[in-house]
Amino acid sequence: MRSALLKSTSELLRRSRRGYSSSANPERKVAILGAAGGIGQPLALLMKINPLVSSLSLFDIAGTPGVAADVSHINSPALVKGFMGDDQLGEALEGSDVVIIPAGVPRKPGMTRDDLFNINAGIVKGLCTAIAKYCPNALVNMISNPVNSTVPIAAEVFKKAGTYDEKKLFGVTTLDVVRAKTFYAGKAGLPVSEVNVPVVGGHAGVTILPLFSQATPASNSLSQEDIVALTKRTQDGGTEVVEAKAGKGSATLSMAYAGAVFADACLKGLNGVPDIVECSYVQSTVTELPFFASKVRLGKNGVEEVLGLGELNDFEKQGLENLKGELKDSIEKGIKFAHGN
């Protein structure tokens, strides 16, 4: 995952100045559920300036008309509409190619992602019920935490509705990759735009496993202590932001950027661009767990191929074993919620 979004943005601005028409790309509708929130607003901005988006649908329980009016003034081709309240959810979703879900409450100091479960799980369940009804073929990008549980909840909702396609449901773990790349590049003294680091496992704490042994470009300047520290910082990146904001928010801007990068990759895959590979939390047989984050190849049907873990060093092998128990519990908790509430 290179700086594709930034390149797309600069290209869009150049084309706009030349009277650019978006007719070269297929018409694509993107819906953002939770568009008036801390992640949703900057995500709406980033998707508005993405040249692959022709229609941008913004939904939230309140505040969406203002966000839509604000974003709609940007001189990029995407047409923007705002929808507010449950009675407008169907209209917001109809015809969507990609649905991005950042809806939910943010994490606050002292809260774990698990503390968010009961509130956000209920929100996700309701939204996915609507997706199954109004745009069952859309690619669903799940941002709402805890992703380790909300993706299994979505899968069960879609199964019940008879619309489940494991190739079209993604947990967005791109922020873990973004952090790993940033931290690794900074420590190794490498240009961050040229760095890539696969991150596997899940999307919370110890379940986040960056594979620094597979980082490119490789660096010989990092000690084992450096790798341990970089791994922990990547795992604790969300907490670092929550504490730095001192109770006034969580990772919203970096998450919006990561969400926009992954949505951009999904759109490119849908449009037939070859060799689009990103890490994502999906239904998987890479391990014995039913859901797992690893590299996936994206295409016209969503997931074209779930890629393996590659060669792990001893530290990473131990990290993989350490994360499985917690990730298994989170998956089972999501499935239980979907069936029991």
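Below or above, wherever it landed, is the structure these notes cover.

Thresholds applied
- Each chain has its residues counted from 1, following the order in which its sequence is written.
- The predicted origin of the model limits local features to residues at a pLDDT of at least 70 and limits the giving and counting of side-chain atom pairs to 80 or more, whereas totals for whole chains, interfaces and linings rest on all residues.
- Note that water and hydrogens are dropped before the side-chain values are worked out from all heavy atoms of the structure.
- Residue burial is assigned from relative accessible area. The probe radius is 1.4 Å, only protein chains are included, and a residue is buried under 20% of its type maximum, exposed over 50%, and partly exposed in between.
- Numbering of helices and strands starts at the N terminus; helices are DSSP runs of H or I of at least 4 residues and strands are runs of E of at least 2.
- In short, DSSP must find at least two bridges between two strands for them to pair.
- To estimate how far a helix should reach, multiply one less than its number of residues by 1.5 Å.
- Take the seven residues that end at a residue and the seven that start at it, fit an axis to each, and the angle between those axes is the bend at that residue.
- Residue contacts are defined here by distance: any two heavy atoms, one from each residue, within 4.5 Å place the two residues in contact.
- Definition of a polar contact: a pair of N or O atoms within 3.5 Å, with one able to donate and the other able to accept a hydrogen when the atoms are protein atoms, and with sequence-neighbouring residues admitted only if both atoms are side-chain atoms.
- Whether a set of points on the 1 Å grid over the protein atoms alone is a cavity depends on a 1.4 Å probe fitting there but being unable to get out, while an open set qualifies as a pocket with protein on both sides within 12 Å along at least five of seven lines; lining residues are those with an atom within 4 Å of a point.
- Grid points are joined across faces, edges and corners, and a volume is the space filled by probe spheres set on the points.
- For this scheme, ten residues count as nonpolar: Ala, Val, Leu, Ile, Met, Phe, Trp, Tyr, Cys and Pro. Four count as charged, namely Asp, Glu, Lys and Arg, and the remainder, Gly too, count as polar.
- What counts as an axis is a line fitted to C-alpha atoms, over the stretch in contact for a helix, and the angles between N-to-C directions run from 0 to 180 degrees.
- Crossing handedness: left-handed means the near helix sits turned counterclockwise from the far one by under a right angle, and right-handed means the same turn made clockwise.
- By definition, a salt bridge exists where a carboxyl oxygen of Asp or Glu is found within 4 Å of a side-chain nitrogen of Lys or Arg.
- By convention a nonpolar core is built from buried Ala, Val, Leu, Ile, Met, Phe, Trp, Tyr and Cys residues, the set being connected through side-chain atoms within 4.5 Å.

1. Quick notes on the pairing of strand β4 (residues 98–101)
Now for step 1: Along β4, one buried face is formed by V98 and I100 and the opposite face, lined by V99 and I101, is buried too.
Now for step 2: One ladder, built from 3 bridges, connects strand β1 (residues 29–33) with β4; its direction is parallel. Within β4, the position partnered with I32 by the bridge is I100.
Now for step 3: Pairing analysis gives 4 bridges linking β4 to strand β5 (residues 139–142), with the strands arranged parallel. Opposite V98, over in β5, you have L139 as the bridge partner.

2. Things to note about helix α11 (residues 314–340)
Now for step 1: With 27 residues, α11 extends 40 Å from end C-alpha to end C-alpha; this agrees with the ideal 39 Å at 1.5 Å per step.
Now for step 2: Along α11, the sharpest kink reaches roughly 35°, centred on K324.
Now for step 3: Packed against the buried residues of α11 are α5 (117–134), α6 (147–161), β7 (199–201), β8 (208–210), β9 (276–283) and β10 (291–299).
Now for step 4: Put simply, N313 is the residue that caps the front of α11, since its side-chain oxygen is 3.2 Å from the backbone nitrogen of F315.

3. Some thoughts on the environment of L289
Now for step 1: By the element assignment, L289 lies in the loop between β9 and β10.
Now for step 2: A relative accessible area of 5% means that L289 is categorised as buried.
Now for step 3: Setting aside its immediate chain neighbours within four residues, L289 contacts S284, K324, L327, K328 and I331.

4. Brief notes about empty space enclosed by the protein
Now for step 1: All chains considered together, the criterion is met by 1 cavity of 30 Å³ or more.
Now for step 2: By volume, the largest cavity is sized at about 80 Å³.
Now for step 3: Lining the largest cavity, in full, are I131, C135, P136, A138, V140, F158, T163, Y164, D165, K168 and L169.
Now for step 4: Split into classes, the residues belonging to the lining of the largest cavity amount to 8 nonpolar, 1 polar and 2 charged.

5. Let's talk about the packing of α5 against α6
Now for step 1: Relative orientation of the contacting elements α5 and α6 amounts to 35°, with a least axis distance of 9 Å. α5 and α6 meet at a crossing whose hand is right-handed. Between α5 and α6, the residues in contact are F117, A121, V124, K125, C128, T129, I131 and A132 and S149, T150, I153, A154, V157, F158 and A161, respectively.

6. Here we look at the pattern of salt bridges
Now for step 1: Throughout the structure, instances matching the rule amount to 11 salt bridges.
Now for step 2: A salt bridge links K187 to D226, with the nearest nitrogen and oxygen atoms 3.9 Å apart. A residue pair is termed long-range when its members are at least 10 positions apart, and K187 in helix α7 (residues 174–188) and D226 in helix α8 (residues 224–235) qualify at 39 residues.
Now for step 3: What makes D226 buried here is its relative accessible area of 18%.
Now for step 4: For K232, the salt bridge is made with D236, and the minimal N-O distance between the two is 2.8 Å.
Now for step 5: Each of D275, R297 and E305 takes part in salt bridges that share partners, so that together they form one network.

7. Overview of the nonpolar core
Now for step 1: Core analysis: the biggest nonpolar cluster contains 47 residues, and L33, L93, V99, I101, I131 and F158 have the highest contact counts within it.
Now for step 2: Only β1, α4 (89–93), β4, α5, β5, α6, β10 and α11 provide two or more residues apiece to this core.
Now for step 3: The element contributing the most residues to this core is α5, with 8 residues.
Now for step 4: Once you skip the residues sitting within four places of it in the chain, I101 turns out to touch L33, L127, C128, I131, V140, N141, M142, I143 and S144.

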